[in-house]
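Analysis of the macromolecular model
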Amino acid sequence: MSLSSKHQCREIITKAICGKGRKFSTVTHTVTPPNNPTSILGAWIINHQYEAVAAGDGIEVIGTYDVNIWYSYDKNSQTDVAKETVSYVERVPLSYLDPKHRASTVEVSAEATQEPSCVEASVSSNGKSVILRVEREYSVELIAETKVLVKVCAQRHSDFEDKEFEFIGGEDGDYEDLDFEDLEDEL
């Protein structure tokens, strides 16, 4: 295409979000405290840390968190807190992936849209351990360089000079005032 033609198309290399994904999961952990638990008084997850890495056609979230379980033992006459650090790898598939991204420029990010939280804690059937059900959710993005096709005009804004634009509204900026009494509260 010659430079004298009215319009041209060019490819621009830009950094863009080339992939996205989201995953909700429920996992089960078994913690065996030093004493046989009678009942569970509370369960917390703290110190959550994670990072994201590209893994094939998805993103892996690699992390750790501490599980703290407050429990009673010896027929509910004593209490203690059991602590355990849990390591995990969560593979998040990409629901969208631009196949034309430059693989050598890939950066990934992950956000915990729901921090790991214990939704259920119970004493196991053998009475020696605690079973925890944990929910967590991640949203991930793959950022990379990709090509974008853009239209280039030879003359600056010349296409708009002979156009007329019609704006909908009152004449000369004369708009009716909004009557707030006619609006209903939806609360």
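Fair warning: this is a prediction, and the values are worked out from it, not measured in the lab. (Residues numbered from 1 in each chain as written. Predicted model: local features only at pLDDT ≥ 70, side-chain atom pairs only at ≥ 80, totals over all residues. Heavy atoms only, no water.)

1. Brief notes about the environment of V123
Among the secondary structure elements, V123 is positioned in strand 6 (residues 107-123). Spatially, the C-alpha atom of V123 lies 9.8 Å from that of T32, the residues being 91 residues apart in sequence. Not counting the four nearest positions on each side in its chain, V123 is found in contact with P37, T38, S39, I40 and S129. (Helix = DSSP H or I, 4+ residues; strand = E, 2+ residues; numbered from the N terminus. Contact = heavy atoms within 4.5 Å.)

2. Focus on the pattern of salt bridges
Applying the stated rule across the entire model yields eight salt bridges. Close ionic contact of R136 with E90 constitutes a salt bridge, the shortest N to O distance being 2.9 Å. Residue R136 is found in strand 7 (residues 130-153), and its partner E90 is found in strand 4 (residues 78-93); the two are separated by 46 residues along the sequence. Among the ionic pairs, E120 bridges to R133, the shortest N-O distance being 3.2 Å. Of this pair, E120 sits in strand 6 while R133 sits in strand 7, and the two are 13 residues apart along the sequence. In this structure E120 comes out as partly exposed when scored by relative accessible area, which is 41%. (Salt bridge = Lys/Arg side-chain N within 4 Å of Asp/Glu carboxyl O. Buried < 20%, exposed > 50% of the residue type's maximum accessible area, 1.4 Å probe, protein only.)

3. Let's talk about the sheet that holds strand 3 (residues 58-73)
To summarise the sheet geometry, strands pair through backbone hydrogen bonds and adopt either a parallel or an antiparallel arrangement. Across the sheet, which stays open at both edges, the three strands sit in the order 2-3-4 with antiparallel pairing between neighbours. Of all strands in the sheet, those with a lone pairing partner are strand 2 (37-55) and strand 4, marking the two edges. Geometrically, the sheet is characterised by an average inter-axis angle of 15° between neighbouring strands, direction not taken into account. As judged from the 15 bridges shared by strand 2 and strand 3, these two strands associate in the antiparallel manner. Among the inter-strand pairings, W44 is bridged to a residue of strand 3, identified as N68. (Pairing = 2+ DSSP bridges. Axes fitted to C-alpha atoms, helices over the stretch in contact; angles between N-to-C directions.)

4. Quick notes on the side chain of S72
Take S72: it is sitting in strand 3. For S72, a relative accessible area of 3% puts it in the buried group. Side-chain polar atoms of S72 contact the side chain of S39, separated by 2.7 Å. Beyond its immediate chain neighbours, meaning those up to four positions away, S72 contacts N36, P37, T38, S39, L41, Q78 and T79. (Polar contact = N/O pair within 3.5 Å; in protein donor to acceptor, adjacent residues only side chain to side chain.)

5. Quick word on the nonpolar core
Counting 25 residues, the largest nonpolar core has Y65, V67, I69 and L132 as the members making the most contacts within it. Of all the elements in the fold, those that place two or more residues in this core are strand 1 (7-31), strand 2, strand 3, strand 4 and strand 7. (Core = buried A, V, L, I, M, F, W, Y, C linked by side-chain atoms within 4.5 Å.)

6. Quick look at the pairing of strand 3
Residues in a regular strand project their side chains so that they alternate between the two faces of the sheet. In this structure, strand 3 lies alongside strand 4, joined through 16 bridges in antiparallel fashion. Bridging across to strand 4, I69 finds its partner in A82. Where strand 3 folds back on strand 4, the antiparallel hairpin that results is connected by four residues, among which D74 adopts a positive phi of roughly 55°.

That's the geometry; what it means functionally is another story.
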